[in-house]
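The chain contents come next:
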Amino acid sequence: MMALDTIVPGEFFVTLPRQAALVVDPLEKCPIPEFVDPKYYKSCVWYVKMGLLMLAERQRGAESRVRGYIDQLPESIDTPVRWSASELDELQSETLKAAVERQQVEWKRLYDELQRDGGVPTSRVAYDDFVWALENVRSRSFSGPYAGTPIKDRLVMGGLLAAVGLGYAFVAKIPTESVLNAAISVACFNLLYDVVLSSRLKWYAMCPIIDSLNHSGRVSSNIEYEYFKDTFVVSTESAYAEGDQVFISYGAKSNEQLVQYYGFVLEDNPHDACVVDAEVGGEGVRLAIMPNGQLTAETMAMLEENGALRAGVKAGGGKFSEAVNVGIYEAAKKALASKGTSLADDVRLLEAPGMISGARQRLALEFRVSQKKLLERAIEVAEKRRGGGAGP
């Protein structure tokens, strides 16, 4: 999406009424009882609820308040959840393949529950329709602290309470100021209740226009809900000139996460990581390596906190001991050797489009290249720690 005018850091450059979005409210009663069993809906995980809202709105056709949004959604994102076992093998990643296979089993289980407990037969929602909905939900939804009932609904309810209270005061001859004080107390309690809930609950939204903004791992952006205006707003910490492509951040996501749920690879992704099985101090560990060849903060914390591995990490500054350095070097070399193709092979294949059979093979190749670059960088950094020698 291109900037229509100059955008300055902190400026709200997209504003969207809540009514234009699809929202899963954690305390809301089932909004589609004509489509699915309300008890089943209440028990669903959030992304299934959102998927059901999408499917119900699509079924409404011209009657849907978000028809234009539903119509412009892609027919298929074609994430790996749709891939065969042999196609998953093309990723050359046991961790990603295992994650997708778990996802395939889970989504099939969720679909079976929809039919059995939700009262939605295959004739109304086929499995492909269910996957279409969940793919869009998992790649386009935003979440945030639950903000409570929208202020407009609060005002309507407050008006009704005030009217009922004043009517009762007239009939029962109760002083008007007593009724108003009670009404104010109720309003303050409800607002405080919402504030407390916001720290415990989350709501989820799919927002037209906002979810058309592309992701960058090198920008910082905010998508917020303005309670008193009942709108979603977007701001960024980056500046854009008219005609520039505008990016937002989907979060600190690795390429493994982006491939699994979004169907793309981000080149030079600063949040990428490659997981390898290593041996440090005679114990098997799983290490997550960042693009700079260093270990992730979570991996470093694991090494430092594990009593059997404390000797493997020098105190302070996240420095590596010889045992950890050797573990990284050998694990990265072993992982590269197990891939079946080299980085150079994959790059050559990507540069010869006529040799690629389709979008799935291209995505697999792009992912393989990103992972092999991380591994080669890890080996290079490990060698430098040894003073530029030939490796541990």
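It should be noted that the structure appears before, not after, this text.
Cut-offs used in this document
- Residues numbered from 1 in each chain as written.
- Predicted model: local features only at pLDDT ≥ 70, side-chain atom pairs only at ≥ 80, totals over all residues.
- Heavy atoms only, no water.
- Salt bridge = Lys/Arg side-chain N within 4 Å of Asp/Glu carboxyl O.
- Helix = DSSP H or I, 4+ residues; strand = E, 2+ residues; numbered from the N terminus.
- Buried < 20%, exposed > 50% of the residue type's maximum accessible area, 1.4 Å probe, protein only.
- Pairing = 2+ DSSP bridges.
- Axes fitted to C-alpha atoms, helices over the stretch in contact; angles between N-to-C directions.
- Phe/Tyr/Trp six-rings, centres within 6.5 Å; stacked < 30°, edge-to-face > 60°.
- Lys NZ or Arg CZ within 6 Å of the ring centre and 35° of its normal.
- Parallel < 35°, antiparallel > 145°, perpendicular 65-115°, else oblique.
- Left-handed = near helix turned anticlockwise from the far one by under 90°.
- Contact = heavy atoms within 4.5 Å.
- Nonpolar A, V, L, I, M, F, W, Y, C, P; charged D, E, K, R; others polar.
- Core = buried A, V, L, I, M, F, W, Y, C linked by side-chain atoms within 4.5 Å.
- Polar contact = N/O pair within 3.5 Å; in protein donor to acceptor, adjacent residues only side chain to side chain.

Draft legend 1. Expanded view of the pattern of salt bridges. Within this structure, the stated rule accounts for 20 salt bridges. Ionic pairing is found between Asp112 and Lys108, a salt bridge with its closest N-O pair at 2.9 Å. Placement of both Asp112 and Lys108 in helix α5 (residues 94-117) is noted, with a separation of four residues, approximately one turn of the helix. With a relative accessible area of 29%, Asp112 lands in the partly exposed category. Put simply, Glu113 and Arg109 hold a salt bridge, and the shortest N to O gap is 2.4 Å.

Draft legend 2. Layout of the sheet that holds strand β3 (residues 141-145). Taken together, the three strands give an open sheet; going across it, the order is β2-β4-β3, and neighbouring strands pair in antiparallel fashion. Single-partner strands in this sheet number two, and they are β2 (22-24) and β3. Across the sheet, the mean angle separating the axes of adjacent strands is 25° when strand polarity is ignored. The sheet contact formed by β2 and strand β4 (residues 202-206) spans three bridges and is antiparallel.

Draft legend 3. Layout of the packing of aromatic side chains. By the definition in use, this model includes 10 aromatic pairs. When the ring of Tyr225 is compared with that of Phe232, the centres are 5.4 Å apart and the planes differ by 55°; the resulting orientation is tilted. The class for Tyr225 is buried, based on a relative accessible area of 16%. Between the NZ or CZ atom of Arg58 and the centre of the ring of Trp132, over which it lies, the distance is 4.2 Å. Stacked on the ring of Tyr261, the Lys or Arg Arg138 has its end atom at 4.4 Å from the ring centre.

Draft legend 4. Representation of the packing of helix α9 (residues 255-262) against helix α13 (residues 359-385) within the structure. Contact geometry for α9 and α13: axes closest at 10 Å, N-to-C directions at 165°. Classified by the interaxial angle, the pair formed by α9 and α13 is roughly antiparallel. Viewed along their axes, α9 and α13 form a crossing whose handedness is left-handed. Between α9 and α13, the residues in contact are Asn255, Glu256 and Val259 and Leu363, Phe367 and Ser370, respectively. Classifying every residue of the contact of α9 with α13 gives three nonpolar, two polar and one charged.

Draft legend 5. Looking closely at α9. In terms of residue burial, α9 counts as a mostly covered element, since six of its eight residues are buried. Among all positions in α9, only Asn255, Glu256, Leu258, Val259, Gln260 and Tyr262 are buried. Packing partners of the buried residues in α9 comprise α5, α6 (127-140), β5 (214-215) and α13. Gly263, located one to two residues past α9, shows a positive phi value of around 80°.

Draft legend 6. The arrangement of the nonpolar core in detail. With 36 residues, the main nonpolar core has Leu22, Ile32, Val36, Leu52 and Leu114 as its most contacted residues. Among the elements that take part in this core, helix α2 (residues 46-60) stands out by supplying eight residues, more than any other. Beyond its immediate stretch of four places on either side in the chain, Ile32 contacts Tyr41, Leu52, Leu53, Ala56 and Arg60. Counting residues in hydrophobic clusters, the runner-up holds 25 residues, among them Phe142, Val219, Val234 and Tyr240.

Draft legend 7. Local environment of the pairing of strand β9 (residues 274-280). Residue alternation in β9 divides its side chains into a buried set, Cys274, Val276, Ala278 and Val280, and an unburied set, Val275, Asp277 and Glu279. Looking at chain direction, β9 and strand β10 (residues 283-289) are connected through seven bridges and run antiparallel. Opposite Cys274, over in β10, you have Ile289 as the bridge partner. Once β9 ends, the chain turns through two residues before running back antiparallel as β10, passing Gly281 with a positive phi of about 60°.

Draft legend 8. Main features of the sheet that holds strand β1 (residues 12-17). Spatial ordering of the open sheet is given by β1-β7-β6, a layout of three strands whose pairing is antiparallel. One side of each edge strand has no neighbouring strand; the edge strands of this open sheet are β1 and β6 (221-226). The sheet shows a mean angle of 20° between the axes of neighbouring strands, direction not considered. Alignment of β6 against strand β7 (residues 231-236), held across six bridges, turns out to be antiparallel. Directly across from Ser221, in β7, lies its bridge partner Thr236.

Draft legend 9. Fine view of the environment of Tyr225. Considering the arrangement of structural elements, one finds Tyr225 in strand β6. Through-space distance from the C-alpha of Tyr225 to that of Gly144 is 8.2 Å; in sequence the pair is 81 residues apart. At 2.5 Å, the side chain of Tyr225 and the side chain of Asp230 are in polar contact.

Draft legend 10. Just the pairing of β7, in detail. The buried fraction of β7 is high, at six of six residues. What you see with β7 is no split at all: Thr231, Val233 and Ser235 on one side and Phe232, Val234 and Thr236 on the other are buried throughout. Note: β1 against β7, five bridges, orientation antiparallel. Among the inter-strand pairings, Pro17 is bridged to a residue of β7, identified as Thr231. From the end of β6 to the start of β7, which pair antiparallel, there are four residues, and Asp230 there has a positive phi angle of about 55°.

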